[in-house]
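Summary of the model geometry
Here are the chains, one letter per residue:
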Amino acid sequence: ANSPTWTVKMFADEINETLSSWTTKIPGASRTAEIKAAKETQVVVNAMVENLGDKVTAGDIARLDRRQKLKLVIACKKPMDEVNSVLNSFRQMEMMHRILRYRKENGIPLPTDEAGLKNAMQKDGIKVMTNQEKQEMREAYSKMATGGKA
């Protein structure tokens, strides 16, 4: 909530911090689904930092073309759907940080738990979304409502 922009480098730092915490050192903990997923994400995010730069933002990610995504696929040796999943996660995290900044700037209490964060996202998400993001959300909901046939 303190940084004016959310970058790929910040995302990478957060994942690296998660993977270096003491809980991952417990025998058997490295086999949990959450840790495995974080390690897979780390590979893609590190490729993003190396290939796109550490100052890349969600807006930059939204403008990636197919060729740039294919370069990421090759760099991290992961399938396109996995790369797209990480790119979407990054965009969602950036949205969450915008909501937290909005709340902090307007003196609204920051959430202290997951339920509070979900509530904040529902309540304040629309206030910080761009018109493009709103349109994408409408299209996604429309596809869900029609079973992906929209």
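Basis of the calculations
Every residue gets a number counted from 1 within its own chain, in the order that chain's sequence is written. Two thresholds apply to this predicted model, a pLDDT of at least 70 for residue-level local features and 80 or more for giving and counting side-chain atom pairs, whereas whole-chain, interface and lining totals are computed over all residues. Excluded from the side-chain calculations are hydrogens and water; all other atoms, namely the structure's heavy atoms, are used. Only runs of H or I of at least four residues qualify as helices and only runs of E of at least two qualify as strands under DSSP, and these elements are numbered from the N terminus. Only protein chains enter the calculation, and the probe is 1.4 Å; a residue is then buried if its accessible area is under 20% of its type maximum, exposed if over 50%, and partly exposed in between. For this analysis, a salt bridge means a side-chain nitrogen from Lys or Arg found within 4 Å of a carboxyl oxygen belonging to Asp or Glu. Pairing of aromatic side chains here covers Phe, Tyr and the six-membered ring of Trp, requires ring centres within 6.5 Å, and sorts the geometry by plane angle: under 30 degrees stacked, over 60 edge-to-face, intermediate tilted. Put simply, a patch holds well-exposed residues, over 30% relative accessible area, that have no salt bridge, with like charges counted together within 9 Å and Val, Leu, Ile, Met, Phe, Trp or Tyr side chains within 5 Å. To be clear on the numbers: accessible area is Shrake-Rupley with a 1.4 Å probe, and residue cover counts the displayed protein chains and nothing else.

Turning next to the overall build of the protein. Of the regular secondary structure elements, the protein holds seven helices and zero strands. Listing each helix as α and each strand as β along the protein from the N terminus yields α-α-α-α-α-α-α. The C-alpha extent of the protein, read off along each of the three principal axes, is 40 × 35 × 30 Å. Evaluated residue by residue, the protein yields a buried proportion of 29% over its 150 residues.

Here we take up the pattern of salt bridges. Going through the model one piece at a time under the given rule, you end up with 10 salt bridges. Linking D65 and R67 is a salt bridge whose minimum nitrogen-to-oxygen distance equals 3.8 Å. A relative accessible area of 35% means that D65 is categorised as partly exposed. Here R91 and E136 are joined by a salt bridge, their closest N and O atoms 2.9 Å apart. Taken together, the positions of R91 in helix α5 (residues 80-105) and E136 in helix α7 (residues 131-145) put the pair 45 residues apart, joining distant regions of the chain. Taken together, the salt bridges that share partners define one network made up of E94, R98 and E133.

Tallying each qualifying case throughout the model produces one aromatic pair. With a centroid separation of 5.4 Å and an interplanar angle of 50 degrees, the aromatic rings of F11 and F90 are classed as tilted. Separated by 79 residues along the polypeptide, F11 in helix α1 (residues 8-19) and F90 in helix α5 bring together distant segments of the chain. With respect to burial, F11 and F90 carry one shared label: buried.

Attention now moves to a nonpolar patch on the surface. A surface patch of nonpolar side chains, about 340 Å² in accessible area, is lined by M137, Y141 and M144. For M144, the location among the structural elements is in helix α7.

Everything listed here is a matter of coordinates, which is why it stays silent on function.
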